[in-house]
Amino acid sequence: MAGDSRVLMDHNMEIGVTPAQVKKLPKHLREAQISTERTHLISDPVKKPRQRYVQKDGKCNVHHGNVQETYRYLSDLFTTLVDLRWRLSLFIFTLVYIVNWLFFGFLWWLIALIRGDLVHADEEGWTPCVENLNSFVSAFLFSIETETTIGYGYRVITEKCPEGIILLLVQAILGSIVNAMMVGCMFVKISQPKNRAETLMFSHNAVISVRDNKMCLMFRVGDLRNSHIVEASIRAKLIRSQQTKEGEFIPLNQTDINIGFDTGDDRLFLVSPLIISHEINHKSPFWEMTMAQIEKEEFEIVVILEGMVEATGMTCQARSSYLDTEVLWGYRFTPVLSLEKGFYEVDYNNFHDVYETNTPTCSAKELAAKLREGPLLPQLSLRSPEPKMHTFDPLNRMSERDPLSPDEDKEERDSGGDRGETNGSAAALEDPPLADGLPG
């Protein structure tokens with residue numbers, strides 16, 4: 001009996017099935033079990049989680065430490081105040097006004113003390129500097145009335161006090177400067193276009209597939225508001241460590257990714273969601289990368305969308321990033337634009353959805369060489385049509401056909417090829433569900 005159990009366990013390990021006894025162990029013991037040689041051979045290698053350079057919401061994951069020249073922040077005091085957190089900004093806003101009122105209230109009380117108004121205020125024939133100012137509290141209230149121009153009429157300055165007149169002029173001028181600075185900071189902080197970027201969307205994943213016989217890296221952007229981003233432009237950076245030929249190690253080296261700068265495709269008319277495409281050519285950093293190399297590489301693609309807010313005219317910037325694990329080889333985006341009666345409708349439920357498509361697993365360089373030599377299919381191995389498990393549900397029925405087969409390739413050429421909503425054009429893909437009437 002014991003021998004049969006041992007044989008069953010060995011058989012389960014050979015075919016990659018977890019033995020039944022392991023399921024009865026506690027969770028922390030099941031996760032901490034040591035893999036044997038046979039279980040190591042059948043298990044897929046798992047990448048260690050990488051630290052993002054730019055978060056998905058656009059925040060840069062960089063902290064500045066050991067800054068000794070902190071006086072540089074005071075040289076641009078206005079920007080420093082604007083960049084503070086809201087709770088700290090409100091605290092400084094309140095503190096500045098209270099300190100200012102207390103300071104000038106003390107000066108009014110000091111004048112009254114030096115002139116003897118606090119002692120002789122009730123005497124007949126005595127003309128004080130400020131009428132009805134007989135304590136520090138009343139001096140503080142007079143300071144608030146003077147700077148805020150409330151003017152209740154109970155405490156007033158007399159013409160027999162030249163030092164009080166001078167102090168009144170100084171407080172009026174300095175009070176205007178304080179008002180302009182603090183109100184200006186709060187206004188700029190409230191009207192900052194950072195919140196406008198919250199309604200600019202980036203797809204959760206980037207995809208790599210063939211488009212017009214060229215390997216392309218694509219991602220999707222969209223704007224949820226009806227007020228548009230004026231003069232919108234987009235750019236992308238590849239972030240990865242690099243070692244030079246001389247042996248110098250450059251951490252987080254930044255390389256430009258061309259997404260239409262030379263053709264003007266980086267200038268967007270962002271009325272409906274657009275698929276941004278990067279053609280992987282000889283100038284691309286992905287030119288010699290195969291599917292297997294992409295899965296082993298460690299990199300991050302940072303995308304930056306900029307433009308002016310139509311309502312305010314202020315410049316807005318939205319950022320996002322894609323880790324190497326978020327770049328899917330052999331997928332395309334599901335169309336989201338459909339034609340209704342009198343208008344186009346965008347279905348944001350499918351904004352992040354992708355479907356699997358047969359794509360060569362070779363590099364773009366090899367693909368270009370094979371296309372120059374002859375037909376594509378007889379010479380290139382295609383990506384397996386079996387869908388991989390991701391956090392989303394790919395449209396399996398779209399991966400059942402081979403879109404690159406000769407017969408369907410002929411039909412595709414006759415129907416105009418595979419076109420999406422890249423940089424503004426919304427057209428029919430090879431077999432995604434699309435509402436009738438959408439112009440091709």
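Note that the coordinates shown come from a computational prediction; the quantities given were computed from them, not determined experimentally. (Residues numbered from 1 in each chain as written. Predicted model: local features only at pLDDT ≥ 70, side-chain atom pairs only at ≥ 80, totals over all residues. Heavy atoms only, no water.)

1. Regarding the overall build of the protein chain
A tally of helices and strands in the protein chain yields 13 helices and 14 strands. Within the protein chain, buried positions represent 37% of all 440 residues. Contacts spanning at least 24 positions in sequence make up 67% of the contacts within the protein chain whose residues lie at least 6 apart. Surface summary for the protein chain: the accessible area is close to 27,100 Å², and the carbon and sulfur share equals 56%. (Helix = DSSP H or I, 4+ residues; strand = E, 2+ residues; numbered from the N terminus. Buried < 20%, exposed > 50% of the residue type's maximum accessible area, 1.4 Å probe, protein only. Contact = heavy atoms within 4.5 Å. Areas by Shrake-Rupley, 256 points an atom, 1.4 Å probe, with all protein chains shown as cover.)

2. Notes on the environment of asparagine 358
Within the element layout of this structure, asparagine 358 appears in the loop between strand S14 (354–356) and helix H11 (364–373). What makes asparagine 358 buried here is its relative accessible area of 10%. For the pair asparagine 358 and valine 210, spaced 148 residues apart in sequence, the C-alpha separation works out to 8.8 Å.

3. Concerning the pairing of strand S3 (residues 214–223)
Taken across its ten residues, S3 has nine buried, putting it largely inside the fold. Bridge analysis of strand S1 (residues 200–202) against S3 gives three bridges, and the strand direction is antiparallel. By the bridge assignment for S3, leucine 200 is matched with aspartate 223. Connecting the antiparallel pair strand S2 (residues 206–211) and S3 is a turn made up of two residues, with aspartate 212 showing a positive phi of about 55 degrees. As defined by bridge partners, S3 adjoins strand S7 (residues 274–279) across six bridges and the pair is classed as antiparallel. Bridge assignment links cysteine 216 to a residue of S7, and that residue is glutamate 279. (Pairing = 2+ DSSP bridges.)

4. Section: the pattern of salt bridges
On inspection of all chains with the given rule, the structure shows twelve salt bridges. Across the salt bridge formed by glutamate 279 and lysine 214, the nearest N and O atoms sit 3.6 Å from each other. Of this pair, glutamate 279 sits in strand S7 while lysine 214 sits in strand S3; the two residues are 65 residues apart in sequence, bridging distant segments of the chain. Lysine 214 sits in the partly exposed class, given a relative accessible area of 41%. Across the pair glutamate 288 and lysine 365 runs a salt bridge, and its minimum N-O distance is 3.4 Å. Of this pair, glutamate 288 sits in the loop between S7 and helix H10 (291–296) while lysine 365 sits in helix H11, and the two are 77 residues apart along the sequence. Among the ionic contacts, a cluster of salt bridges with common partners joins Arg52, Lys56 and Glu326. (Salt bridge = Lys/Arg side-chain N within 4 Å of Asp/Glu carboxyl O.)

5. Topic: the UniProt feature "transmembrane region" (unreviewed entry) in the protein chain
Under the feature "transmembrane region" (unreviewed entry), the UniProt entry names residues 88–111 and 165–188. Summarising residues 88–111: 100% helix, 0% strand, and an end-to-end C-alpha distance of 35 Å. For residues 165–188, the end-to-end C-alpha separation is 35 Å, with 100% helix and 0% strand making up the annotated structure. (UniProt positions renumbered as here; feature names shortened; annotations may be inferred.)

6. Details of the side chain of aspartate 117
With respect to the helices and strands, the residue aspartate 117 is situated in helix H7 (residues 117–120). A polar side-chain atom of aspartate 117 sits 3.0 Å from a polar atom in the side chain of tryptophan 126. Leave out the neighbours within four places in its chain, and aspartate 117 touches Ala112, Trp126, Thr127, Pro128, Cys129 and Val130. (Polar contact = N/O pair within 3.5 Å; in protein donor to acceptor, adjacent residues only side chain to side chain.)

7. Examining the environment of methionine 289
Relative to the helices and strands, methionine 289 is located in the loop between S7 and H10. Among the residues examined, methionine 289 registers a relative accessible area of 8% and is labelled buried. With 76 residues separating them in the primary sequence, methionine 289 and lysine 365 have C-alpha atoms 8.3 Å apart. Ignoring sequence-local partners within four residues, the contact set of methionine 289 consists of Arg240, Ile294, Glu297, Trp329, Cys362, Ser363 and Ala364.

8. Some details on the pairing of strand S5 (residues 249–257)
Pairing of strand S4 (residues 229–243) with S5 involves seven bridges; the strand directions are antiparallel. Note on S5: the bridge partner recorded for alanine 236 is isoleucine 257. Taking the residues that link successive antiparallel strands as the turn, the S4-S5 hairpin has five residues, and the phi of glycine 247 there is positive, at about 95 degrees.

9. Observations concerning helix H6 (residues 86–115)
Look at H6: 44 Å from first C-alpha to last across 30 residues, which is about the 44 Å you get at 1.5 Å a residue. Looking only at H6, the buried set comprises Ser89, Tyr97, Asn100, Trp101, Phe104, Gly105, Trp108, Ile111 and Ala112. Where H6 is buried, its residues meet helix H5 (77–83), H7, helix H8 (136–147) and helix H9 (162–190). A positive backbone phi angle near 85 degrees is found at glycine 116, which sits one or two residues after H6. (Expected span 1.5 Å × (residues − 1).)

10. Some points on the nonpolar core
Counting residues in each nonpolar core, the largest one holds 40 residues, and the members touching the most others are Val221, Phe286 and Ile301. Per-element tally for this core: the top contributor is S4, with five residues. Sequence-distant contacts of phenylalanine 286, defined by excluding residues within four places in its chain, comprise Leu217, Leu238, Ile257, His278, Ile280, Ile294, Phe299 and Ile301. Grouped together as the second largest cluster of nonpolar side chains are eleven residues, Ile111, Cys129, Val130 and Cys161 included. (Core = buried A, V, L, I, M, F, W, Y, C linked by side-chain atoms within 4.5 Å.)

11. Details of the packing of aromatic side chains
Enumeration over the complete set of coordinates arrives at nine aromatic pairs. Seen in terms of ring centroids, phenylalanine 93 and tyrosine 97 are 5.1 Å apart; in terms of plane orientation they differ by 65 degrees. Their pairing is edge-to-face. With a gap of four residues between them, phenylalanine 93 and tyrosine 97 both fall in helix H6, about one helical turn apart. Aromatic pair tryptophan 109 and phenylalanine 136: ring centres 6.3 Å apart, planes at 80 degrees, arrangement edge-to-face. Of this pair, tryptophan 109 sits in helix H6 while phenylalanine 136 sits in helix H8, and the two are 27 residues apart along the sequence. Using a relative accessible area of 23% as the deciding quantity, one classes tryptophan 109 as partly exposed. Residue phenylalanine 136 is classed as partly exposed on the basis of its relative accessible area of 34%. (Phe/Tyr/Trp six-rings, centres within 6.5 Å; stacked < 30°, edge-to-face > 60°.)

12. A few points about the packing of H8 against H9
Between H8 and H9, whose axes approach to 9 Å, the crossing angle comes to 60 degrees. The pairing of H8 with H9 is recorded here as oblique in orientation. Like other packed secondary-structure pairs, H8 and H9 cross with a definite hand, here right-handed. From H8, Ser143, Thr146 and Glu147 reach across to H9, where they touch Leu168, Gln171 and Gly175. Its residues assigned to classes, the contact of H8 with H9 comprises one nonpolar, four polar and one charged. (Axes fitted to C-alpha atoms, helices over the stretch in contact; angles between N-to-C directions. Parallel < 35°, antiparallel > 145°, perpendicular 65-115°, else oblique. Left-handed = near helix turned anticlockwise from the far one by under 90°. Nonpolar A, V, L, I, M, F, W, Y, C, P; charged D, E, K, R; others polar.)

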